[in-house]
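If you want the building blocks of each chain, they are given just below.
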Amino acid sequence: MEVTKRRPEPGDIDWKGYTLSELHYRREVNQVKQDIVTERLMSAYENIKESKQLKMTSGIWRNFNGMMAAVNYGVLAFRMFVKLKKLFKHA
């Protein structure tokens, strides 16, 4: 199968269009180009996602630890309040 890479010249009235084999060839070439670009984008996306995921995981862990510290202080304050309330109630 021979595929020529002919393109119409501006003002060429004798040009009849592409043959079916030329259209198939062009479709295949464009599909390969599209696949290459998609693979590059997916690779770049995976790299970005992994780096952000590590940062996000450490950030979430830091936030969780900070939240748990606040909860612990809250529980401790509540227990102290209950004990002081009982102490002042009996006094």
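As shown above, the structure is provided for reference.
These lines cover the structure that appears in this document, whether it is placed above or below. Predicted, not measured: the structure shown is a model, and the values here were computed from it.

## Looking at the overall build of the chain
Logical step 1: From N to C terminus, the chain includes one helix and zero strands.
Logical step 2: A total of 91 residues make up the chain; the buried ones form 3% of that total.
Logical step 3: Surface summary for the chain: the accessible area is close to 9,000 Å², and the carbon and sulfur share equals 63%.

## Focus on a nonpolar patch on the surface
Logical step 1: The grouping of Phe64, Met67, Met68, Val71 and Val75 at the surface amounts to a nonpolar patch, some 410 Å² of accessible area in total.
Logical step 2: With respect to the element layout, Phe64 can be found in helix H1 (residues 20–90).

## Considering the environment of Tyr18
Logical step 1: Note that Tyr18 resides in the segment before H1.
Logical step 2: Taking relative accessible area as the criterion, Tyr18 reaches 30% and is therefore assigned partly exposed.

Cut-off values and rules
Per chain, residues are indexed from 1 in the order of the written sequence. With pLDDT at 70 or above as the cut-off, local features in this predicted model cover only qualifying residues; side-chain atom pairs require 80 or more to be listed or tallied, and sums for whole chains, interfaces and linings still use all residues. Side-chain descriptors were evaluated using all non-hydrogen atoms of the structure, hydrogens and water having been removed beforehand. The numbering of helices and of strands both runs from the N terminus, where a helix is a DSSP run of H or I of at least 4 residues and a strand a run of E of at least 2. For each residue, the accessible area found with a 1.4 Å probe, counting protein chains only, is set against the maximum for its type, and the residue is called buried under 20%, exposed over 50%, and partly exposed in between. The protein chains shown are the only cover counted for residues, whose accessible areas, like all others here, come from Shrake-Rupley with a 1.4 Å probe. A residue counts toward a patch only above 30% relative accessible area and without a salt bridge, and it is joined to like-charged neighbours within 9 Å or, for Val, Leu, Ile, Met, Phe, Trp and Tyr, to nonpolar neighbours within 5 Å. By convention in these notes, a salt bridge is any Lys or Arg side-chain nitrogen within 4 Å of a carboxyl oxygen on Asp or Glu.

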